Amino acid sequence: MVDTLPSDDGALLGQIGPLQTRLVREPAELEAAQRLRFRVFGEEMGATFSQDAPVADRDEDRFDAVCDHLIVLDTTLPGEAPDQIVGTYRLLRDEVATRTGGFYSASEYAVDTLVARHEDKRFLELGRSCVMPDYRSKRTIELLWQGIWAYCLRHEIDVMTGCASFAGAQAEQHALPLSFLYHHARATGEWAVEAATGDAVCMDMMPVEAVDMKAALSALPPLIKGYLRLGAKFSGTAVLDRAFCTTDVLVILPVATISERYVRYYGADASRFAADAKTA
């Protein structure tokens, strides 16, 4: 599903040197993004994909048809746009989820309850974050966030949410960072969210006085650490995703609470890495 707002029309959302970010424009680009996801999640991380998947070398599910797909392209690579995709993120707005069967993360967390608690806010689910190994750099991540930020502004998004993962479906292996998130970055009150599956584990595995802050931060996956720096809060329970061999937490990031220094960095109007900005 390519975004249908007149202001989108496949235009670039950001650019840094030869790297560009935008939404997918055609089926071939989506298929390339799905193949990238398969290589990273399946071949690199050991995920098990549904036997009903129509194509063996792609990570594909029903949500792909209704989501927007953010991509990063390296325009120096040979071939057409599908050959140049080096990163991707999947985006699902709440009004689309309502029409098409809900959020992906609702299989793990009571996201619908969270959304219903904030009827006046627009939610955006982020998922399937994926970057080729050679492009796991500051510039690629900056462009992904540039695209997400521009998309949020365009659609007047109030809250970003979605599952983020630790490698391996054994929560106890991540007792330190999970306990850190529970004690120091847990969503409470109106932002609290419960697990919606029996594969849930309380993240309160260590007493707060036993949590080494520096070691815990070092043990956080880069994506979760990035959300934390932006000002995100997290569920108090983790969920074991056995198919993807991960331990998941739910991210809750109200746009109003994003760290001011990041808003300044990308620009309140997402102009920092806009296609016509001068960046190196």
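Presented here is a report on the structure given in the accompanying data block. Note that the structure is a prediction, hence the values are computed from the model and not measured.

Let us look at the overall build of the protein chain. What the protein chain contains, in helices and strands, is 8 helices and 10 strands. Across the 280 residues of the protein chain, 51% fall into the buried class. In the protein chain, of all internal contacts separated by at least 6 residues, the share reaching a separation of at least 24 is 76%. Of the roughly 12,700 Å² of accessible surface on the protein chain, 52% is carried by carbon and sulfur atoms. The averaged location of the 41 negative side-chain charges in the protein chain is 6 Å from the averaged location of its 28 positive side-chain charges.

Attention shifts here to the layout of surface pockets. The calculated volume of the largest pocket comes to roughly 1,300 Å³. Surrounding the largest pocket, 46 residues form its lining, Y89, S129, I141, P222 and L223 being those nearest its centre. Mapped by element, the contributors of at least two residues to the lining of the largest pocket are helix 1 (27-44), strand 4 (85-93), strand 5 (123-131), helix 4 (138-154), strand 6 (159-167), helix 7 (222-230), strand 10 (246-254) and helix 8 (260-266). Tallied by class, residues from the lining of the largest pocket come to 26 nonpolar, 8 polar and 12 charged.

Here helix 7 has its buried residues at I224, Y227 and L230. The arc that holds every buried residue of helix 7, seen down its axis, measures 120°, which confines them to one face. What points out from helix 7, more than 90 degrees from its buried face, is the exposed set P222 and R229. Just beyond helix 7, the residue with positive phi is G231, at close to 115°.

Right, let's talk about the state of the cysteines for a bit. All told, the structure shown has 0 disulfides when counted by the stated rule. Summary of cysteine pairing: C130 is not part of a disulfide, and the nearest cysteine sulfur, belonging to C67, is at 15 Å. Taking the relative accessible area as the measure of exposure, C130 reaches 1% and is therefore buried.

Turning to the side chain of Q34, a few remarks are in order. Mapped onto the fold, Q34 is located in helix 1. Setting aside chain neighbours within four positions, we find Q34 in contact with D57, R58, D59, E60 and D64.

Time to look at empty space enclosed by the protein. Within this structure, the stated rule accounts for 3 cavities of 30 Å³ or more. The calculated volume of the largest cavity comes to roughly 100 Å³. As for the largest cavity, its lining consists of W145, W149, M160, L230, L253, I258, Y262, V263 and Y266. Within the residue set of the lining of the largest cavity, elements represented by two or more residues are helix 4 and helix 8. When the residues that make up the lining of the largest cavity are grouped by side-chain class, the tally is 9 nonpolar, no polar and no charged.

Within the secondary structure, L36 is located in helix 1. L36 sits 36 residues away from V72 along the chain, and the two C-alpha atoms are 12 Å apart. With sequence-adjacent residues up to four places away left out, L36 is seen in contact with I85, V86, G87, T88, C130 and M132.

Let us look at the packing of aromatic side chains. According to the stated counting rule, one finds 6 aromatic pairs in the structure shown. Ring geometry for Y265 against F273: centres 5.9 Å apart, planes inclined by 65°, an arrangement best described as edge-to-face. According to the relative accessible area criterion, Y265 is partly exposed, its value standing at 26%. With a centroid separation of 6.0 Å and an interplanar angle of 70°, the aromatic rings of Y266 and F273 are classed as edge-to-face. When the ring centre of Y104 is taken as reference, the NZ or CZ atom of R90 above it lies at 5.4 Å. Lying over the aromatic face of Y182, R186 brings its terminal NZ or CZ to 4.0 Å of the ring centre.

How each quantity is defined
Residues numbered from 1 in each chain as written. Predicted model: local features only at pLDDT ≥ 70, side-chain atom pairs only at ≥ 80, totals over all residues. Heavy atoms only, no water. Helix = DSSP H or I, 4+ residues; strand = E, 2+ residues; numbered from the N terminus. Buried < 20%, exposed > 50% of the residue type's maximum accessible area, 1.4 Å probe, protein only. Contact = heavy atoms within 4.5 Å. Areas by Shrake-Rupley, 256 points an atom, 1.4 Å probe, with all protein chains shown as cover. Lys, Arg positive; Asp, Glu negative; His and termini not counted. Charge placed at Lys NZ, Arg CZ, Asp CG, Glu CD. 1 Å grid on protein atoms, 1.4 Å probe; cavity = no way out; pocket = protein on both sides within 12 Å on 5 of 7 lines; lining within 4 Å. Points joined across faces, edges and corners; volume = space filled by probe spheres on them. Nonpolar A, V, L, I, M, F, W, Y, C, P; charged D, E, K, R; others polar. Arc of directions from axis to C-beta. Disulfide = S-S within 2.5 Å. Phe/Tyr/Trp six-rings, centres within 6.5 Å; stacked < 30°, edge-to-face > 60°. Lys NZ or Arg CZ within 6 Å of the ring centre and 35° of its normal.

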